[in-house]
Amino acid sequence: KAKSLGRGSFSYYSNDLSKRAAERLDMEVRLRRAMQQGLLEVHYQPQVEITTGQIIGAEALVRWHDEERGYIPPDQFIPLAEQSELIVKLGDWVLEQVCRQGKAWLDQGYPELQLAVNLSPGQMRSNDLVTRIAEIVNRTGYPARLLELELTEGALMHDPEVATQRLTELRELGICLALDDFGTGYSSLAYLKRFPLSVLKIDKSFVRGLPVDSDDCAISRTVVAMGHSLGMSVLAEGVETEQQLKYLQGLGCDIYQGFLCSPALPEQSFIELLRAGENGANQPC
Ligand code: C2E
Ligand code: MG
Ligand code: MG
Ligand code: MG
């Protein structure tokens, strides 16, 4: 088809491709530089126990402000980092920040929080993953039982045998494991049963339609019931309204995360929110 459009079209098409490749390369160079110069940040989004309204943990989300291009969302640069060994460096860096911060908060006397860090498929494929994680946890002194790693179905199903092995070793270190974006991938229930997971995170695409969309209601109800019968806690992502929260509460869902409580915040603002909750008077979430 390209041929019938003539030479002009073809070269236009290939220019477009090389333009995209050049943009990718430019972004990769910027990302490497940002990492070296310490321009990445970790923000924390509260995770709230539904029955009590208490903040019991937080998900760490990486943030990148490029001087020229402004805020670049992780959905844009994580997939890029995934294509090289950069993801391993980035992943180690995030984990180290979180463990250090978590340890500092404990030392300052804040209550114990479960801190969750995303682990991408590229990290899952690296052979010394467990050794490196153990090393970071030991070096920072953050208790492994307060660390949670979030994995997507894609990270697990790429090679379920290897994943089972790695997850078992992480679990033996005391680290908790969560299945992220549940329902958007293609994991088989047979495997779900085999992985040593503690938390099932209902993807926000299913939370959005609650309590109006009957399909979303059916899916959420089923995921909560299934998670519980497999002995897992269930967390709903992307909760934005009181009505969504009420519905999830009715299902017996354990934890929620979403703009209704707060977006991901810089460490200082996160701690302020946590303290506002401790004072009791103005329960934030
Ligand atoms: P995720 O792990 O599923 O993280 C949840 C995403 O939902 C975050 O987007 C969060 O800001 C957003 N979110 C939270 N509450 C709400 C809400 O009420 N409504 C809506 N519409 N969105 C909400 P974010 O920070 O842009 O991150 C996107 C994805 O990028 C993450 O999805 C995760 O897959 C990846 N990511 C972020 N940080 C890291 C990281 O440090 N390492 C790795 N490997 N991946 C990361
Ligand atoms: Mg996540
Ligand atoms: Mg998610
Ligand atoms: Mg996601």
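Within an unreviewed UniProt entry, the label attached to the protein chain reads cyclic-guanylate-specific phosphodiesterase, and the organism entered is Marinobacterium lacunae.

Enquirer: How would you summarise the coordination of the magnesium ion (ligand 3) if you had to cite specific residues and measurements?
Expert: In ideal tetrahedral geometry, four donors around a metal make angles of 109.5 degrees, whereas ideal octahedral geometry with six donors gives angles of 90 or 180 degrees. Around the magnesium ion (ligand 3), the protein contributes the donor atoms Asp-180 (OD), Asp-181 (OD), Glu-237 (OE) and Glu-237 (OE), at 2.0 to 2.6 Å from the metal centre. Taken as an interatomic distance, the gap from the magnesium ion (ligand 3) to the magnesium ion (ligand 2) is 4.0 Å; Asp-180 donates to each of them. You can see Asp-181 sitting in strand β6 (residues 176–182) and its partner Glu-237 sitting in the loop between β8 (233–236) and α11 (242–251), a full 56 residues away along the chain.

Enquirer: So what's going on with the site of ligand 1? Which residues, and what values?
Expert: Residues in close proximity to ligand 1 total 22 residues, the closest being Arg-63, Asn-118, Asp-180, Glu-240 and Phe-259. In this structure, Lys-204 approaches ligand 1 through a side-chain N or O atom, which is 3.0 Å from an oxygen atom. One nitrogen or oxygen atom from the main chain of Phe-259 is found 2.8 Å from an oxygen atom belonging to ligand 1. Out of a free accessible area of 800 Å², ligand 1 has 84% covered by protein chains. Elements with a contribution of two residues or more to the shell around ligand 1: β2 (55–66), α2 (74–82) and β6. Residue contributions to the shell around ligand 1 peak at four residues, all from β2. The residue makeup of the shell around ligand 1, split by class, is seven nonpolar, six polar and nine charged.

Enquirer: Quick one: what's the story with the packing of helix α3 (residues 86–107) against helix α5 (residues 129–140), residue by residue and with numbers?
Expert: If you want to describe how two helices pack, look at the angle between their axes and the distance between the axes. In contact at an axis separation of 9 Å, α3 and α5 are set at 25° when each is read in the N-to-C sense. What the angle tells us is that α3 and α5 run roughly parallel. Read as a crossing pair, α3 and α5 show a hand that is right-handed. Contacts between α3 and α5 involve Val-88, Asp-92, Leu-95, Glu-96, Cys-99, Arg-100 and Lys-103 from the first element and Arg-132, Ile-133, Ile-136, Val-137, Arg-139 and Thr-140 from the second. Grouping the amino acids of the contact of α3 with α5 by side-chain chemistry returns six nonpolar, one polar and six charged.

Criteria and thresholds
Residues numbered from 1 in each chain as written. Chains lettered and ligands numbered in written order. Predicted model: local features only at pLDDT ≥ 70, side-chain atom pairs only at ≥ 80, totals over all residues. Heavy atoms only, no water. Donors = N, O, S within 2.8 Å, 3.2 Å for Na, K, Ca; no water. Helix = DSSP H or I, 4+ residues; strand = E, 2+ residues; numbered from the N terminus. Near = heavy atom within 4 Å. Polar contact = N/O pair within 3.5 Å; in protein donor to acceptor, adjacent residues only side chain to side chain. Areas by Shrake-Rupley, 256 points an atom, 1.4 Å probe, with all protein chains shown as cover. Nonpolar A, V, L, I, M, F, W, Y, C, P; charged D, E, K, R; others polar. Axes fitted to C-alpha atoms, helices over the stretch in contact; angles between N-to-C directions. Parallel < 35°, antiparallel > 145°, perpendicular 65-115°, else oblique. Left-handed = near helix turned anticlockwise from the far one by under 90°. Contact = heavy atoms within 4.5 Å.

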